[in-house]
Amino acid sequence: MAEEKNASAQSVLRSAREWLRAFSNGFAEKDPRRPRVGLALAGGFARGIAHIGVLRVFREAGIPVDMVAGTSVGALIGAAYCSGASLETMETVASATKFGDFGRWSPSWLGLATNQRLEQFLAKFTSTTQFEDLKTPLAIAATDINAGLPVYYYRKGPLGPPLRASCAYPGLFAPIQYEGRTLVDGFLTALVPYEGLLLMGAEIVIAVYLEPGMSGEPRTFTDILSRSFNVIQKHADLEWRQYVDVVIEPDVTSFVWDDFSKTRDMIHAGEEAAMKTLPAIRAAMEAKRKPLEEPAEEREQQGDG
């Protein structure tokens, strides 16, 4: 009897939680006074799985996401999310991922591998292949290696080439030739791609930053390469912060670049970090909430008076 009551109580609580979530999401979408919220997802190889945890907390808390900008793995998570893929599917695919799913060793003068398989990997989440068919607007950041500048792809066109470019880690993956540019990983010039959100009209910018870990001795050439760029990243972690409203920083420093088997732990890290920032997010949204407009009749009466 006690077990039945407990199950019944849990069912009621679950239904109430789902109703509140649906209500808050529906209210957020219909409220014209609410500022447009953008989510910037940083890169970090497997550590980017923590983004799924952040998105899960947003879903539970009713925090709206009007647009997403992603760099490297942030672009991949962003593409899956913006296409409408469920977070449960994303977790399942992530936990079973291995290097061969998105990369193939093919040593050349420009890189040790190719990430051509990444387009097929995206198909595990969604059949969407074009920016204009996404359910939520997305901007993908890449780096023009010749100009030394960030390039953002959004609104229309194929997802595949920009995604591969954004994930073309220098030295590991060969650069991507696309639309007359030689492109590599977006993290070089858009560590946290907040600019992509501003281009799309975001009024609140929430950044998810993944601090790289430095623990343990490097095991392979790719570890040395990754660690070297991590050192650069730690010293470049300044400028972008002044342009964002809230920063979420999951503790993923204990994970290495290919720790896909620890998916559940990284998602939990994302959940914990996002939960801590919910008050700051709600405060930022309230601070930028548009004032309530007076009805036209009242404005006319005030004018007559």
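Residues numbered from 1 in each chain as written. Predicted model: local features only at pLDDT ≥ 70, side-chain atom pairs only at ≥ 80, totals over all residues. Heavy atoms only, no water.

A.B. asks: In this structure, what is going on with the overall build of the chain? I would like to understand it.
C.D. replies: The number of helices and strands found in the chain is 11 helices and 11 strands. Nonlocal contacts in the chain, meaning residues at least 24 apart in sequence, comprise 75% of its contacts between residues at least 6 apart. Accessible area of the chain: about 15,400 Å², with a carbon and sulfur share of 54%. (Helix = DSSP H or I, 4+ residues; strand = E, 2+ residues; numbered from the N terminus. Contact = heavy atoms within 4.5 Å. Areas by Shrake-Rupley, 256 points an atom, 1.4 Å probe, with all protein chains shown as cover.)

A.B. asks: When you look at helix α10 (residues 263–287) in this model, what are you seeing that I'm missing?
C.D. replies: For an α-helix the count is 3.6 residues per turn, leaving residues at separations of three or four pointing the same way. Helix length check: α10, at 25 residues, gives a terminal C-alpha distance of 35 Å against a target of 36 Å (1.5 Å per residue), a fit within 8%. Along α10, the sharpest change in direction is near 45° and occurs at T277; proline P279 comes one to four residues later. (Expected span 1.5 Å × (residues − 1). Bend = angle between axes of the 7 residues up to and from the residue.)

A.B. asks: Even after reading the chapter, I still don't get the confidence of the model for the chain, so can you show me in this structure?
C.D. replies: Detailed reading of the predicted coordinates is not advisable wherever pLDDT is low. Averaged over all residues, the pLDDT of the chain is 84; the fraction at 70 or higher stands at 77%. Looking at the elements of the chain, mean pLDDT is at its lowest for helix α1 (residues 2–30), recorded as 44, and at its highest for strand β1 (residues 37–41), recorded as 98. In this model, residues 1–28 is a region of pLDDT below 50 whose contacts with residues beyond four sequence positions or in other chains number 10 contacts. (pLDDT = per-residue confidence, 0-100.)

A.B. asks: What is the right way to read the side chain of D101 from this model?
C.D. replies: Along the chain, D101 turns up in helix α5 (residues 99–102). In terms of polar contacts, D101 uses its side chain to reach the backbone amide nitrogen of K98, at 2.9 Å. The residues touching D101, leaving out its near neighbours within four places in the chain, are A96, R117, F121 and K124. (Polar contact = N/O pair within 3.5 Å; in protein donor to acceptor, adjacent residues only side chain to side chain.)

A.B. asks: Would you mind showing me how to read the environment of G201 here?
C.D. replies: The topology assignment puts G201 in the loop between α8 (194–199) and β10 (204–208). C-alpha separation for the pair G201 and M67, spaced 134 residues apart in sequence, amounts to 8.9 Å. Each residue touching G201, except ones within four places of it in the same chain, is listed here: R36 and M67.

A.B. asks: Can you help me understand the nonpolar core in this one?
C.D. replies: Across soluble globular proteins, nonpolar side chains have a tendency to be buried as a group. In this structure, F58, F125, L138, I206 and I248 are the most contacted members of the largest nonpolar core, which totals 92 residues. In terms of residues, this core owes the most to one element, α10, which gives 9 residues. Each residue touching L138, except ones within four places of it in the same chain, is listed here: V68, G78, A79, C82, F131, Y153, Y154, R155, L159 and M200. (Core = buried A, V, L, I, M, F, W, Y, C linked by side-chain atoms within 4.5 Å. Buried < 20%, exposed > 50% of the residue type's maximum accessible area, 1.4 Å probe, protein only.)

A.B. asks: Before we go on, may I ask you to explain empty space enclosed by the protein in this structure?
C.D. replies: Empty space among the atoms becomes visible once a probe the size of a water molecule is rolled across them. Inspection of the entire model under this criterion finds 3 cavities of 30 Å³ or more. Looking at the largest cavity, it is lined by 20 residues, and the ones nearest its centre are F45, V73, L76, F102 and F260. Residue assignment for the lining of the largest cavity shows that the elements contributing at least two residues are α3 (73–82), α4 (87–95) and α6 (118–122). Looking at the lining of the largest cavity, the element that brings in the most residues is α3, giving 3 residues. Class assignment of the residues belonging to the lining of the largest cavity gives a composition of 16 nonpolar, 3 polar and 1 charged. (1 Å grid on protein atoms, 1.4 Å probe; cavity = no way out; pocket = protein on both sides within 12 Å on 5 of 7 lines; lining within 4 Å. Points joined across faces, edges and corners; volume = space filled by probe spheres on them. Nonpolar A, V, L, I, M, F, W, Y, C, P; charged D, E, K, R; others polar.)

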